[in-house]
Amino acid sequence: MAEVFGVDCSWVATDLSARVSADPGQITILVAAAGERLACAAFAVYEPGTDFVALLGGATLPEWRGRGLYRAMIAARAREAVARGFGLLHVDASPASAPIQRRCGFHEITTSTHYQWA
């Protein structure tokens with residue numbers, strides 16, 4: 001993710017590890033590997049007591065874009081959500097991924113603004 005987004009994303013590994021340790025049934029982590037290198041990664045977080053699954057963290061290395069990996073990650077996470085009985089998917093899409101999300105059938109219903117507490 002750091003390589004894709006150009007910022008320090010080391011906190012993501014810590015967060016994912018904590019989620020898996022706390023309750024492995026509430027998260028799915030997917031990766032697509034090209035040899036020893038991860039080409040694409042994404043995860044889904046299942047919100048207990050709701051119908052919602054958050055599709056998060058989708059990132060594809062530039063040299064692997066345009067080959068369907070990101071769309072495959074969307075589809076795999078959506079299938080898993082349905083298999084688990086969840087009916088609603090939430091995606092906080094970046095400007096780069098929003099067009100792909102729309103082509104996959106997602107509709108923008110609102111926007112969010114991210115802030116960092118200082």
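Every value quoted in this text rests on a predicted model; they were computed, and no experiment measured them.

Looking only at helices and strands, one finds four helices and four strands in the chain. The helix and strand sequence of the chain, counted from the amino end, reads α-α-β-β-β-α-β-α. A compact globule built from 118 residues would reach a C-alpha radius of gyration of about 13 Å, and the chain, at 14 Å, matches this within 12%. Taken along the three principal axes of its C-alpha coordinates, the chain extends 40 × 35 × 35 Å. Here the chain holds 118 residues, and 28% of them are scored as buried.

Together, Val20, Ile29, Val31 and Leu38 give the surface a local cluster of nonpolar side chains, amounting to about 320 Å² of exposed area. Structurally, the position occupied by Val31 is in strand 1 (residues 27-34).

Glancing now at the environment of Ala59. Mapped onto the elements of the fold, Ala59 is located in strand 3 (residues 52-60). Through-space distance from the C-alpha of Ala59 to that of Ala75 is 15 Å; in sequence the pair is 16 residues apart.

Turning to its location among the elements, Tyr46 is positioned in strand 2 (residues 37-46). Overall, the relative accessible area of 3% leaves Tyr46 in the buried class. For the pair formed by Tyr46 and Thr28, sequence separation is 18 residues and the distance between their alpha carbons is 8.4 Å. Leave out the neighbours within four places in its chain, and Tyr46 touches Gly25, Gln26, Ile27, Thr28, Phe52, Val53, Glu80, Ala81, Arg84 and Phe86. Of the polar contacts made by the side chain of Tyr46, one reaches the side chain of Thr28; its length is 2.7 Å.

Let us now look at the pattern of salt bridges. On inspection of all chains with the given rule, the structure shows three salt bridges. Note that Glu80 and Arg84 form a salt bridge whose closest N and O atoms lie 2.6 Å from each other. Glu80 sits in the partly exposed class, given a relative accessible area of 29%. On the basis of relative accessible area, Arg84 is assigned to the partly exposed category, the value being 34%.

Rules used in this analysis
Residues numbered from 1 in each chain as written. Predicted model: local features only at pLDDT ≥ 70, side-chain atom pairs only at ≥ 80, totals over all residues. Heavy atoms only, no water. Helix = DSSP H or I, 4+ residues; strand = E, 2+ residues; numbered from the N terminus. Rg over C-alpha atoms; globule rule 2.2 N^0.38 Å. Buried < 20%, exposed > 50% of the residue type's maximum accessible area, 1.4 Å probe, protein only. Patch = residues over 30% accessible without salt bridge, like charges linked within 9 Å, V, L, I, M, F, W, Y side chains within 5 Å. Areas by Shrake-Rupley, 256 points an atom, 1.4 Å probe, with all protein chains shown as cover. Salt bridge = Lys/Arg side-chain N within 4 Å of Asp/Glu carboxyl O. Contact = heavy atoms within 4.5 Å. Polar contact = N/O pair within 3.5 Å; in protein donor to acceptor, adjacent residues only side chain to side chain.

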